[in-house]
Structures are given as structure tokens and as C-alpha cells.
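Summary of structural features
Listed below, chain by chain, are the residues.
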Amino acid sequence: MTNSTCPEVATCADMIKLLRIQRHDFLNHLQVIHAMIQLGRGEKALQYIEKLAHDPDMISDLLAAYQNKSV
């Protein structure tokens, strides 16, 4: 498909980049939680997870993130 028939296709590379960034961030959070658990800091790990669960950046829609980026 060309850009003129489907302009959304042109953003595929940007979407892939955003997915990679999101995956990288997610894996970093998992590493932090894993380290806390290994160090016997289960309560601190739970607090970290709670904080992430309420973080608007963590629960945001990838498409919304892209739309905000392209505006």
C-alpha cells in the first residue's frame, strides 16, 4: 500500500518504535520488582506495583501515545 491509499501505514515504523520503547520500559520495571523480591523486600515490591498500576503512562493506550506524539 502506498501512503496515499492508507496514510496510517506510513506510521508503522513509528508504532514499532513506540512498542519497543514500551517493552523496554516494561522489562525495566520487571527487573526492579524481581530485584526487590530477591532482596526480601516484598512489601516494597507491592508498593512499586501499586504505584505503576496508578501511573497514567503505564496504562495509556499505545495509539493515544502515538496520536499525542504526532500532534
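Next up on the list: helix α2 (residues 42-53). Look at α2: 16 Å from first C-alpha to last across 12 residues, which is about the 16 Å you get at 1.5 Å a residue. Buried within α2 we find A45, Y48 and L52. Seen along its axis, α2 keeps its buried residues to an arc of 60°; they face one direction. For α2, exposure combined with an orientation more than 90 degrees from the buried face picks out E43 and K51.

One way to put it is that helix α1 (residues 12-38) packs onto α2 with a least axis distance of 7 Å and a crossing angle of 160°. With respect to α2, the axis of α1 lies roughly antiparallel. The two elements α1 and α2 meet at a crossing, and its hand is left-handed. Judged by residue contacts, H29, V32, I33, M36 and I37 of α1 engage G42, K44, A45, Y48, I49 and L52 from α2.

Rules of the game
Residues numbered from 1 in each chain as written. Predicted model: local features only at pLDDT ≥ 70, side-chain atom pairs only at ≥ 80, totals over all residues. Heavy atoms only, no water. Helix = DSSP H or I, 4+ residues; strand = E, 2+ residues; numbered from the N terminus. Expected span 1.5 Å × (residues − 1). Buried < 20%, exposed > 50% of the residue type's maximum accessible area, 1.4 Å probe, protein only. Arc of directions from axis to C-beta. Axes fitted to C-alpha atoms, helices over the stretch in contact; angles between N-to-C directions. Parallel < 35°, antiparallel > 145°, perpendicular 65-115°, else oblique. Left-handed = near helix turned anticlockwise from the far one by under 90°. Contact = heavy atoms within 4.5 Å.

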